[in-house]
Structures are given as structure tokens and as C-alpha cells.
Amino acid sequence: MGCARNNWQDRLVLTGTVRADGSSKFGANNRYGVFPSFALAWNASNEKFLANNKFISNLKVRAGWGRTGNQEFPAGASLNRYQINGPNDVTRSNFGNADLTWEQSDMINAGVDFGLFEDRVWGSIDWFQKLSSKVLFEQIVAQPGPLGSAKYWINLPGNILNTGVELAVNAAVVRGKDFSWNVGVNASFLKAFIVTGK
């Protein structure tokens, strides 16, 4: 795993990471995945044009992209497995898949953090888009005769797209030495789509 971070005069912050994971859960041909990410933030509050601004006390703009992997499925699901039902009675319970690989999610996000009136009012606005591909899926395969059914794990060829907006606003209604009272509201808007094809 590698990580790099640069900070330019507490105004621009750039972060990047690269992570490589391996799991014996997956097929012999695809046990490793590489998951990079990067993020950029601009702290506009430290720019000269916002110095001593009485209305905007804090303003940060940020954006990022990252890829993560999912391995939440049963161990041994990529292998041929059999079960013993009795004397001289052995059936296949799972079909192996040497090409079974990591489910991937690519996330893009952009947002703004703000503070107004010396941070008496503060909050954030975030937009995100998540694209999940190679989704892990368990199929049930019918076998001939009295053999019954068996499981077969695959990566689905389609993609799942989620996009949305999240809003949060807070306010310090009372801010005293011995007593303070803050109120806040938040809202989320989410849409999901299934995208066909690889």
C-alpha cells in the first residue's frame, strides 16, 4: 500500500493512495486487485480575497475519486465442492469458477464545506456517483436426474450506478459560556440505475 500527501500553504491539499489486496476466496486466475484513490481540497478561507470576510468564515471545496473492492461472499465459493449425503451418495454442491474476481466500486464525489457569520451557521453540500461493476452473484444450477441443484458464483456483466446529493446545515442558536444550543437539518437524494453491458 502506498500513500502520498502534499499541502501547499494550507490552501491546497492533494492526497493519493494505491492499495493492492489479494484473497484466496477468488478464482485462481483473479486473486489480486489494485485499488487507487486520490482527493483534492482547496481551503479558500485562507486565500487573500476571503481574509477578514465577515459573512464567509469558512469555505472549502473538495473532490475525489476512489476504487474499492468487495469480497463479501462465502469462502470456497470459487471451487468445486461436493457433499456426502449417505453411503455411495456424493453430489456436487458448488461449481468452481477460476475467473471469479473482485467486485469493484468506483466512487466520484465533490463537495463544499462552509461556515457563515463566524461559524454560527455551518454545513456541507455533497454530490456523489458510485459505479459498481463485476458484481458478485450466486446462481443456482439445476443438475440432471436425482443430483438436485448446485451453486455457481459469477461476476455479473452489468453495472449498478448510484448517484445522489447530501445536504447538511447546522446553526448555533445559543452560544454562551455555560450553555449552548445547536440545531441541524440534513437531507439525502439518491437514484439508482442498472447499466447493461460490461
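Before any of the text, the structure's been laid out above.
The notes below deal with the structure included here. From a predicted model like this one, the values you see are computed outputs, not experimental measurements.

Counted under the stated rule, the structure contains 6 salt bridges. Asp21 is paired through a salt bridge with Arg19; the nearest N and O atoms lie 3.0 Å apart. We classify Arg19 as partly exposed; its relative accessible area is 42%. A salt bridge links Glu138 to Lys151, with the nearest nitrogen and oxygen atoms 3.8 Å apart. Taken together, the positions of Glu138 in strand E9 (residues 136–142) and Lys151 in strand E10 (residues 149–155) put the pair 13 residues apart, joining distant regions of the chain. Overlapping salt bridges, with partners in common, bring together Arg62, Asp113 and Asp126 in one network.

With that settled, consider the pairing of strand E7 (residues 103–116). Direction of pairing for strand E4 (residues 56–70) relative to E7: antiparallel, over a ladder of 14 bridges. Opposite Ala63, over in E7, you have Ala110 as the bridge partner. Where E7 meets strand E8 (residues 121–133), 13 bridges bridge the pair, whose relative direction is antiparallel. In the strand pairing of E8, Ile108 is matched with Gln129. Linkage of E7 to E8, two consecutive antiparallel strands, is achieved through a turn of 4 residues, within which Phe117 is found at a positive phi near 55 degrees.

Conventions used here
- Throughout this description, residue numbers start from 1 for each chain and increase along the sequence as written.
- Local features in a predicted model are, by the rule used here, given only for residues with pLDDT of at least 70; side-chain atom pairs are given and counted only at 80 or more, and totals for whole chains, interfaces and linings are based on all residues.
- Only hydrogens and water are removed before side-chain values are computed, so all heavy atoms of the structure are retained for them.
- Take a side-chain nitrogen of Lys or Arg and a carboxyl oxygen of Asp or Glu: if they are within 4 Å of each other, that pair is a salt bridge.
- Each residue gets one of three labels from its accessible area relative to the maximum for its type: buried under 20%, exposed over 50%, partly exposed in between, using a 1.4 Å probe on protein chains only.
- Secondary structure elements are taken from DSSP: a helix is a run of H or I of four residues or more, a strand is a run of E of two residues or more, and numbering for both begins at the N terminus.
- Only strands joined by at least two bridges in the DSSP assignment are considered to pair.

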